[in-house]
Amino acid sequence: MKQRIDGITPPYDPESERALRRWMPPGVTQEPLMLFKVLQRHPDLASRMRELGASLLVHGLLPDADRELVIFRVAARCDCAYEWGAHVVAYAEAADLSPEQVPLTVTGTPGDAVWTPRQSALLEAVDQLHDTARLGDEAWAALRDHLGEQEALEFLVLAGWYRTIAYVLNGLQIEREPWAEAFPAG
């Protein structure tokens with residue numbers, strides 16, 4: 001499988017260098033992710049995407065554990081090994097998931113005994129949105145048992161945002177980063 005649009009390559013022009021560094025967490029010196037280098041082929045679009053992505057990742061109302069569980073599950077349901085593997089490596093600790101739970105974000109179900117009621121509600125909501133682009137009354141009620149109104153709105157945007165990211169990554173056939181976790185077998 002060949003990547004459909006190549007990312008920009010070093011040496012970066014000063015504007016691209018600044019833009020790529022804004023995508024990366026402060027103090028990180030590793031090469032920017034391929035996703036960011038590809039998006040930089042369209043700097044205006046990349047800039048707009050970075051604003052929403054950063055606001056969800058850094059300034060959101062959802063606790064880190066909820067945010068990452070949602071991202072792991074959306075990536076898994078979209079068969080997006082790139083996003084799942086990068087987030088597992090970068091944010092598994094923030095997700096506060098056990099080593100048993102991390103692979104179950106790909107292979108498990110919301111009803112598995114390892115999930116708390118809150119985690120099950122989040123997973124069920126992701127699964128319903130993925131399967132139907134809708135959220136049934138029971139799933140909504142379960143979600144609202146754990147999330148306030150603003151958090152519930154943010155959940156919907158977060159899930160949709162990472163589905164968009166999965167579309168970009170899968171549509172362009174961007175291979176997962178070499179350091180990223182691979183999907184679990186099974």
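This one's a predicted model, so the numbers in the text were calculated from it and none came from an experiment.

**Comments concerning the overall build of the chain**
Helix and strand counts for the chain come out as 9 helices and 0 strands. Radius of gyration (C-alpha) of the chain: 17 Å, near the 16 Å computed for a compact globule of 186 residues. C-alpha atoms of the chain, sized along the principal axes, occupy 50 × 35 × 30 Å. The buried share among the 186 residues of the chain stands at 43%. In the chain, the share of contacts with a sequence separation of at least 24, taken over all contacts with a separation of at least 6, comes to 67%. When the accessible surface of the chain is split by element, carbon and sulfur atoms take 54% of a total near 9800 Å². One way to put it: in the chain the 17 positive side-chain charges average out to a point 8 Å from where the 28 negative ones average out.

**Section: the pattern of salt bridges**
For the structure on display, the rule yields 9 salt bridges. Arg 21 is paired through a salt bridge with Glu 17; the nearest N and O atoms lie 3.3 Å apart. A residue pair is termed a helical-turn pair when its members lie 3 or 4 positions apart in one helix, as Arg 21 and Glu 17 do in helix H1 (residues 14–23) at 4 residues. A salt bridge links Asp 127 to Arg 73, with the nearest nitrogen and oxygen atoms 2.7 Å apart.

**Section: a nonpolar patch on the surface**
Together, Trp 140, Leu 153 and Leu 156 make up a nonpolar patch on the protein surface, roughly 260 Å² of accessible area in all. When you line up the elements, Leu 156 lands in helix H9 (residues 149–171). On the accessibility criterion, Leu 156 (32% relative accessible area) is partly exposed.

**Some remarks on the nonpolar core**
Val 70 and Phe 155 are the most contacted members of the largest nonpolar core, which has 48 residues in total. Among the elements of the structure, H1, helix H2 (34–39), helix H3 (43–58), helix H4 (64–77), helix H5 (81–95), helix H6 (101–107), helix H7 (117–132) and H9 are those that each provide at least two residues to this core. In this view, Val 70 contacts Leu 122, Val 126, Phe 155, Leu 158 and Ala 159; residues no more than four positions away in its chain are not counted.

**Focus: the packing of aromatic side chains**
Per the counting criterion, the structure on display carries 2 aromatic pairs. Taken together, a centroid distance of 4.4 Å and an interplanar angle of 15° make the contact between Trp 23 and Phe 36 stacked. Of this pair, Trp 23 sits in helix H1 while Phe 36 sits in helix H2; the two residues are 13 residues apart in sequence, bridging distant segments of the chain. What makes Trp 23 buried here is its relative accessible area of 15%. Residue class for Phe 36 comes out buried when judged on its relative accessible area of 10%. With a centroid separation of 5.5 Å and an interplanar angle of 45°, the aromatic rings of Trp 84 and Phe 183 are classed as tilted.

**Thoughts on the side chain of Gln 40**
As for its position among the elements, Gln 40 is in the loop between H2 and H3. Those residues in contact with Gln 40 that sit more than four places away from it in its chain are Ile 8, Ser 16, Ala 19, Leu 20 and Ala 46.

Rules of the game
Residues numbered from 1 in each chain as written. Predicted model: local features only at pLDDT ≥ 70, side-chain atom pairs only at ≥ 80, totals over all residues. Heavy atoms only, no water. Helix = DSSP H or I, 4+ residues; strand = E, 2+ residues; numbered from the N terminus. Rg over C-alpha atoms; globule rule 2.2 N^0.38 Å. Buried < 20%, exposed > 50% of the residue type's maximum accessible area, 1.4 Å probe, protein only. Contact = heavy atoms within 4.5 Å. Areas by Shrake-Rupley, 256 points an atom, 1.4 Å probe, with all protein chains shown as cover. Lys, Arg positive; Asp, Glu negative; His and termini not counted. Charge placed at Lys NZ, Arg CZ, Asp CG, Glu CD. Salt bridge = Lys/Arg side-chain N within 4 Å of Asp/Glu carboxyl O. Patch = residues over 30% accessible without salt bridge, like charges linked within 9 Å, V, L, I, M, F, W, Y side chains within 5 Å. Core = buried A, V, L, I, M, F, W, Y, C linked by side-chain atoms within 4.5 Å. Phe/Tyr/Trp six-rings, centres within 6.5 Å; stacked < 30°, edge-to-face > 60°.

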